[in-house]
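Structural overview for review
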Amino acid sequence: MEQRIAAAEAALARMKYNTSKLAQQQDIRRKVLVGAFILERLGGGLPDGFDEWLVRPRDREIFGLSPRVGEQEM
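Since we're looking at a predicted model, the values are computed, not measured.

Definitions and cut-offs
Each chain has its residues counted from 1, running along the sequence as written. This being a predicted model, a pLDDT of at least 70 is required before a residue's local features are given, and a value of 80 or more before pairs of side-chain atoms are given or counted; all residues contribute to the totals for chains, interfaces and linings. The basis for every side-chain value is the complete set of non-hydrogen atoms in the structure, without hydrogens or water. Any Phe, Tyr or Trp ring, taking Trp's six-membered ring, that has another such ring centre within 6.5 Å forms a pair; planes under 30 degrees apart are called stacked, those over 60 apart edge-to-face, and the others tilted. Secondary structure elements are taken from DSSP: a helix is a run of H or I of four residues or more, a strand is a run of E of two residues or more, and numbering for both begins at the N terminus. Exposed residues in this analysis have more than 50% of their type's maximum accessible area, buried residues have under 20%, and partly exposed residues fall in between, with area computed by a 1.4 Å probe over protein chains only.

1. A closer look at the packing of aromatic side chains
- Following the criterion strictly, the structure yields two aromatic pairs and no others.
- With centroids separated by 5.7 Å and ring planes inclined at 35 degrees, the aromatic side chains of Phe50 and Trp53 adopt a geometry described as tilted. With Phe50 and Trp53 both in helix H2 (residues 50–53) and three residues apart, this pair spans about one turn of that helix.
- The interplanar angle of 75 degrees and the centroid separation of 5.0 Å between the aromatic rings of Phe50 and Phe63 together place this pair among those described as edge-to-face. With a gap of 13 residues between them, Phe50 in helix H2 and Phe63 in the segment after helix H3 (57–62) connect regions that are remote in the sequence.
- Relative accessible area serves as the criterion here: at 15%, Phe50 is assigned to the buried category.
- Through pairs of rings, three or more aromatic residues link up here, namely Phe50, Trp53 and Phe63.

Shown next as structure tokens:
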């Protein structure tokens, strides 16, 4: 009986993990699609204010922006 309970709990934990993982994947996909839409509408340029909004050096590097003076990696 205890083995069946443990197996059911393990199955439930796997289902919760898979549901969470799927939700995360869908969230990432939504963000990628919105970003692609915006970039296409802007003709490949960056939106106004993006330079000020983007602060992490590694994120800025992706868009070819120089690191902000005095900013550290976050």
